[in-house]
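Tertiary structure, described
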Amino acid sequence: MRIRVLGLTGIGLVLSLFISCHRPPAGARVQGTIGRQGMVVSTHPLASDVGLAILQQGGNAADAAVATFFALAVVFPEAGNLGGGGFAVYRWQNGQIGSLDFREKAPARASRDMYLDAKGEPIKNLSLRGHLAAGVPGAVDGMVELHQKLGRLPWQQVVQPAIDLARQGHVLTEIAANNFNRSRADFEAANLSPIYLVRADRAWQKGDTVRHLDLARTLERVRDQGRAGFYEGPTADLIEQEMQAGKGLITKADLAAYRSAWRAPLTGTYRKKYRVISMPPPSSGGVALLQLLQGAEAYPISKWGHNHSQTVHTMIELERRVYADRATHLGDPDFYKVPLAMLLDPAYNRGRNANISPVAKTPSQQIKEGRVDRIESTETTHFSVADREGNAISLTTTLNGYYGCKVMVRGGGFFLNNEMDDFSVKPGSPNQFGLVGGEANAIVSHKRMLSSMTPTIVEKNGKLHLVVGTPGGSTIITGVYQVVLNVLDHGMTLQEAVNARRFHHQWLPDNVLVERGALPDSVRQRLTALGHQLIEVGNLCKVDAILVRPDGSFEGAADHTRSDGKAAGW
Ligand code: GLY
């Protein structure tokens, strides 16, 4: 979809009347991959292909999701992982829904002020780099749980493709080679001995083959022993040794104690015919998405048009309020009483949004006070799966930053997360995404850190319609929000919805990140006149999604313009 400027007679409200939304004729619509029997959309072609092959072998969406997950741990170590965690939301063909929380936990020895200096200030990078930044990984337990509850094929069969990729090696894309090279200094600083992803001879290049032999052996233990292959025995020994050598906190007792949690997903309706199913706390994603959609429902978004100045202004104002709520009210529900009923109460959200003005932004101090720096790395990864029976899984997983804390477990071949930075290390002090928090998200032993991951499924008139999610740290929520509105309100094909340039506001810092090319000059000028501070950025987040079309076929849309992603369908 393009924005067409029909005419300009000056700035001010009147300008927006001259900006209309233009939809290309049907024949010219950009579409993703179409499949009738199943679809896997992930950020790496090899991982999507592994998931598709599992579907073709008779596996269901859960089998394909587990296989894709482990394949990403090999071919996309930036965020695919064994040493991290994540969330999955599923909707089964019979209408059953559920969500799995395999988010990392604070180690037993973690404590509230562990990242503060003697003056009570955060010590730079301590929660981000090195051994102390790692939470207890949930990934392998999560995959075992997912497979036991919903899978059909033997466990060994769904883990094996990742082992094959790790042993035989895979060819690096340009993005992958650049990512290794860019992280070289971090790898050298964080690890106690050289890791194989730092080449002694030269930089990595597109087309190089990389093999992951230690990782293959870890995966073989997971294949053969399931949960025990990671949380006990040699893998647990290797993690504890790594932690002891680098003064990290995770022990074998922490690993043995880790358990994923099945949680009731959050649901809400949008414009009556849609039901949105998303991740509950300790993700902030589902709550925030449902709040944003409640807000959007009150406005003629579709009539205004995609990225019309009034649409963008309204969405920004809603985002600012929702992220302010996030900072105060959200944390791990096992440790903090999250006021979910209040946050999802339409009357509460109506009241909260009542002071949105069409002619000016609301001053931030009137929303809530705070102070932050800037957003840094936003790596995580998401994939969407649907099978021919109509079962679907939306799964987002992360190490937090690229390669997590950059520490690779020696002998284990996998990176550990730096998810401890997602806690509020000090009330009001921003994390790497510029997000602030307070008591609700303070560090406590065994507690899960708040997340923005928003794996989401949308039903239309009671049937599976959209499977969506994205990486991107704090920009995840607004990325999912925009793709959902692009499809539901703006009538885009899924590929158009994913390709469309995005913007993001998270209350603090008080500015709008706008992808290059997202907004025409006229809209930028109008938003500036309304009081918004726009900051142009490259890519915000990489959505990988599936849409069920009216004829029952799947449209898989990978975020080609922002990643190596691939929609693999049949
Ligand atoms: N580590 C990013 C998130 O969970 O939101």
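That block above? That's the structure.
Residues numbered from 1 in each chain as written. Predicted model: local features only at pLDDT ≥ 70, side-chain atom pairs only at ≥ 80, totals over all residues. Heavy atoms only, no water.

**What to know about the pairing of strand β17 (residues 512-515)**
Selection criterion: Note on classification: 1.4 Å probe, protein chains only; a residue is buried when its accessible area is under 20% of the maximum for its type, exposed when over 50%, partly exposed between these limits. Here a helix means four or more residues in a row that DSSP labels H or I, a strand means two or more in a row labelled E, and each is numbered from the N terminus. A pair of strands is treated as paired once DSSP finds two or more bridges between them. Here a crossover is taken to be right-handed if, once the strands point away from the viewer, the path from the first strand over the helix to the second is traced clockwise.
Side-chain alternation along β17 places V512 and V514 on one buried face and L513 and E515 on a second face that is also buried. Relative to strand β18 (residues 534-537), β17 runs parallel, the two sharing 4 bridges. Its bridge partner lying in β18, V512 is registered against L534. In this fold, β17 hands off to helix α20 (residues 521-529), which returns the chain to β18; that crossover is right-handed.

**As for the pattern of salt bridges**
Defined as follows: A pairing counts as a salt bridge when a side-chain nitrogen of Lys or Arg comes within 4 Å of a carboxyl oxygen of Asp or Glu.
Across all of its chains, the model carries 37 salt bridges by this definition. For R448, the salt bridge goes to D101, with nearest N and O atoms at 3.2 Å. With R448 in the loop between β13 (392-398) and β14 (456-460) and D101 in strand β6 (residues 97-101), this residue pair connects regions lying 347 residues apart in the sequence. Among the charged side chains, a salt-bridge network with shared partners connects E317, R320, R321, K361 and D510.

**Considering the site of the ligand**
Basically, it comes down to this: Throughout, the term near means that a residue has one or more heavy atoms lying within 4 Å of the molecule or strand in question. Here a polar contact is taken to be a pair of N or O atoms separated by no more than 3.5 Å, where protein atoms must pair a possible hydrogen donor with a possible acceptor and residues adjacent in sequence count only if both atoms sit in side chains. Accessible areas in this description were obtained via Shrake-Rupley with a 1.4 Å probe; residue shielding takes into account the shown protein chains only. Cavities and pockets are found on a 1 Å grid laid over the protein atoms alone: a cavity is a set of points where a 1.4 Å probe fits but cannot escape, a pocket is an open set with protein on both sides within 12 Å along at least five of seven lines, and a lining residue has an atom within 4 Å of such a point. Molecule-in-pocket calls rest on the fraction of atoms, with more than half required to lie within 2 Å of the cavity or pocket grid points.
Around the ligand sit R103, N400, E419, D422, F433, S451, S452 and M453, and those are all the residues in its vicinity. Note that a nitrogen atom of the ligand is positioned 2.6 Å from one of the side-chain N or O atoms of D422. In this structure, S451 approaches the ligand through a side-chain N or O atom, which is 2.6 Å from an oxygen atom. Out of a free accessible area of 190 Å², the ligand has 99% covered by protein chains. Mapping the ligand onto the cavity grids shows that it belongs to the largest cavity.

**Some remarks on the sheet that holds strand β10 (residues 266-270)**
To keep things clear, this is the line we draw: Here an angle of 0 to 180 degrees is reported between the N-to-C directions of two axes, which are lines fitted to C-alpha atoms, with helices fitted over the stretch in contact. Contacts were defined at the residue level, with two residues in contact if any of their heavy atoms lie within 4.5 Å.
With antiparallel pairing, the 7 strands of this open sheet are ordered in space as β3-β20-β19-β15-β14-β11-β10. Edge positions in the open sheet fall to β3 (33-35) and β10, since each of these has one partner strand only. For this sheet, the mean inter-axis angle between neighbouring strands, taken without regard to orientation, is 25°. Judged from the 5 bridges that link them, strand β11 (residues 274-278) and β14 form a sheet pairing that is antiparallel. Residue S278 lies in a different strand from β14, and its bridge partner there is T456. In this fold helix α12 (residues 285-297) packs onto β10, β11 and β14, with an angle of close to 15° to the strand it touches most, β10. Across the sheet, helix α18 (residues 475-488) lies against β10, β11, β14, β15 (463-468) and β19 (545-548), angled at about 140° from β15, the strand it touches most.

**Let's talk about empty space enclosed by the protein**
To keep it simple, the criterion reads: Grid points are joined across faces, edges and corners, and a volume is the space filled by probe spheres set on the points. Only Asp, Glu, Lys and Arg are considered charged, only Ala, Val, Leu, Ile, Met, Phe, Trp, Tyr, Cys and Pro nonpolar, and every remaining residue, Gly among them, polar.
Within this structure, the stated rule accounts for 6 cavities of 30 Å³ or more. Computed from the structure, the largest cavity encloses a volume of approximately 200 Å³. Lining the largest cavity we find 26 residues, and of these R326, D422, N431, L435 and L450 sit closest to its centre. Of the residues in the lining of the largest cavity, the class split is 10 nonpolar, 12 polar and 4 charged. Space inside the second largest cavity adds up to approximately 90 Å³. Lining of the second largest cavity is provided by 15 residues; of these, A73, P77, G413, F414 and F415 occupy positions nearest its centre. Partitioning the lining of the second largest cavity into residue classes produces 11 nonpolar, 4 polar and no charged.

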